[in-house]
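An overview of the molecular structure
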Amino acid sequence: MKKAIKIFLISLVSLFLLVIVAGYVVLSQVDFNNYKTVIQKSVKESTGRDLVIGDIKVVASFHPTIEVKEVSFSNASWAKNPNMVEAKSIRLSVGLLPLLGKNFVINNFKISDAVVNLSENKEGNNNWTFGSVDAKEVVKNTDKVSFDFSFVKTANASTSSM
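Bear in mind that the values here come from a model prediction, so they are computed numbers and not experimental data.

What follows deals with the overall build of the protein. Within the protein, the regular secondary structure consists of four helices and eight strands. Helices (α) and strands (β) of the protein occur, in sequence order from the N terminus, as α-α-β-β-β-β-α-β-β-α-β-β. For the protein, buried positions account for 23% of its 162 residues. Of the contacts formed within the protein by residues at least 6 apart in sequence, a portion of 50% connects residues at least 24 apart.

Here the focus is the packing of aromatic side chains. All told, the structure shown has two aromatic pairs when counted by the stated rule. Pairing F32 with Y35 gives two aromatic rings, centres 6.1 Å apart and planes at 45°, and the pair type is tilted. Residue F32 is classed as partly exposed on the basis of its relative accessible area, which comes to 22%. Between the aromatic rings of F73 and F130, the centroid separation amounts to 5.7 Å while the plane-to-plane angle is 70°, which identifies the pairing as edge-to-face. Here F73 is found in strand β3 (residues 65-74), whereas its partner F130 is found in the loop between β6 (115-118) and α4 (135-138), with 57 residues between them in sequence.

Before going further, it helps to examine the pairing of β3. Counting buried positions over the 10 residues of β3 gives seven, a clear majority of the element. Where strand β1 (residues 51-52) lies against β3, two bridges are found, and the strand directions are antiparallel. Paired with L51 across the strands is F73, a residue of β3. Pairing between strand β2 (residues 56-59) and β3: four bridges, direction antiparallel. Within β3, the position partnered with K57 by the bridge is E67. The hairpin turn running from β2 into β3, its antiparallel successor, is five residues long. In this structure, β3 lies alongside strand β4 (residues 83-94), joined through nine bridges in antiparallel fashion. Along β4, the bridge assignment pairs V71 with A87.

Conventions and cut-offs
Residues numbered from 1 in each chain as written. Predicted model: local features only at pLDDT ≥ 70, side-chain atom pairs only at ≥ 80, totals over all residues. Heavy atoms only, no water. Helix = DSSP H or I, 4+ residues; strand = E, 2+ residues; numbered from the N terminus. Buried < 20%, exposed > 50% of the residue type's maximum accessible area, 1.4 Å probe, protein only. Contact = heavy atoms within 4.5 Å. Phe/Tyr/Trp six-rings, centres within 6.5 Å; stacked < 30°, edge-to-face > 60°. Pairing = 2+ DSSP bridges.

This is how it looks when you write it as structure tokens:
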């Protein structure tokens, strides 16, 4: 009986390791740059503004890291600056195990050489509000959403406000 349990446990651990290795291989073979147009189109439909992104790189690990180079997000049409946000790179790492439980946890977020232009026009409109979105559509279970910005790091970042 003990031998059967031992064989079962070894098989279970082996299967778990096989799944991890297969996931790593799949992630390392995918060229995420192929998804740029899908991402940009989704952002345009959601905000009405253009997102320009350079090279996308994903590093597979227990804390997968996504790095996007040369990022810009266009500004409101009435704003003085053409871009609301520009960054040399944006890097974030997410927790792999929480993803298995359908939780998206950002462990680290770093934005490098960023310029953020915040503006408000004479009518009182600001450039960080994107249309009239019903909050219920965005977040259905607000009790399950929380934010902790202690993990955010910046390098050579600046903001301007008009």
